[in-house]
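Survey of secondary and tertiary structure
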Amino acid sequence: QVQLVESGGGLVQAGGSLRLSCAASGRTFSTYTMGWFRQAPGKEREFVAGISESGGNTYYVDSVKGRFTISRDNAKNTVYLQMNSLKPEDTAVYYCAAGVLVGPTGPYDYWGQGTQVTVSS
């Protein structure tokens, strides 16, 4: 089992940047596919980005391609989401997720508590 703790959310103006981090407990972090999801008010949770166990493969929803970058540091048990050129429509609670032998969009086994990202216009 793994526990996930996100950090790095906050309030930023449109066009700005934020870097989310997700720290994972346990000694098997490198065996997990990791993903970032988000949920805006009144909307369903959506996949944002995913990264393979080694970090060699990454996947993004079309709306964030070219703006967001997912990465991981297996030595630090941490996955990151660098978000640039933020838009008001990126406002949401962002969740980190971990899964074993899953595709980039899931289904994931473990979830963090979420971190709020608010982009003002």
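Here's a quick rundown of the structure.

What counts and what doesn't
- Residues numbered from 1 in each chain as written.
- Predicted model: local features only at pLDDT ≥ 70, side-chain atom pairs only at ≥ 80, totals over all residues.
- Heavy atoms only, no water.
- Helix = DSSP H or I, 4+ residues; strand = E, 2+ residues; numbered from the N terminus.
- Buried < 20%, exposed > 50% of the residue type's maximum accessible area, 1.4 Å probe, protein only.
- Salt bridge = Lys/Arg side-chain N within 4 Å of Asp/Glu carboxyl O.
- Core = buried A, V, L, I, M, F, W, Y, C linked by side-chain atoms within 4.5 Å.
- Contact = heavy atoms within 4.5 Å.
- Pairing = 2+ DSSP bridges.
- Axes fitted to C-alpha atoms, helices over the stretch in contact; angles between N-to-C directions.

Attention now goes to unusual backbone geometry. A cis geometry characterises the amide bond from G106 onward to P107, with omega recorded as 5°. Within the chain, S85 stands out as a residue other than glycine whose phi angle is a positive 50°. Relative to the helices and strands, S85 resides in the loop between β8 (78–83) and β9 (92–99). Residue S85 is classed as partly exposed on the basis of its relative accessible area, which comes to 40%.

This brings us to the pattern of salt bridges. Across all of its chains, the model carries four salt bridges by this definition. Residues E46 and R38 are paired through a salt bridge, measuring 2.6 Å at the closest nitrogen-oxygen approach. With its nearest N and O atoms 2.7 Å apart, the salt bridge here joins D90 to R67. Residue D90 is found in the loop between β8 and β9, and its partner R67 is found in the loop between β6 (58–60) and β7 (68–73); the two are separated by 23 residues along the sequence. In this pair, the class of D90 matches that of R67, namely buried.

Looking now at the nonpolar core. Grouped together as the largest cluster of nonpolar side chains are 29 residues, with contacts concentrated most on M34, W36, V79, L81, M83 and Y94. The set of elements that each furnish at least two residues to this core consists of β3 (18–24), β4 (33–39), β5 (46–51), β7, β8, β9 and β11 (115–120). Once you skip the residues sitting within four places of it in the chain, L81 turns out to touch L18, R19, L20, W36, V48, A49, F68, T69, I70 and Y94. In terms of nonpolar packing, the next biggest core, distinct from the first, is built from five residues, F37, F47, A97 and Y108 among them.

Moving on, we get to the sheet that holds strand β1 (residues 4–7). The antiparallel open sheet is built from four strands, whose spatial order is β1-β3-β8-β7. If you trace the sheet from one side to the other, it starts and ends with β1 and β7, each paired once. For this sheet the average axis-to-axis angle between neighbouring strands, irrespective of direction, equals 15°. Two elements, β7 and β8, share six bridges in a ladder whose sense is antiparallel. If you follow D73 over to β8, its bridge partner there is T78.

Without other data, these values stay purely geometric and don't point to any function.
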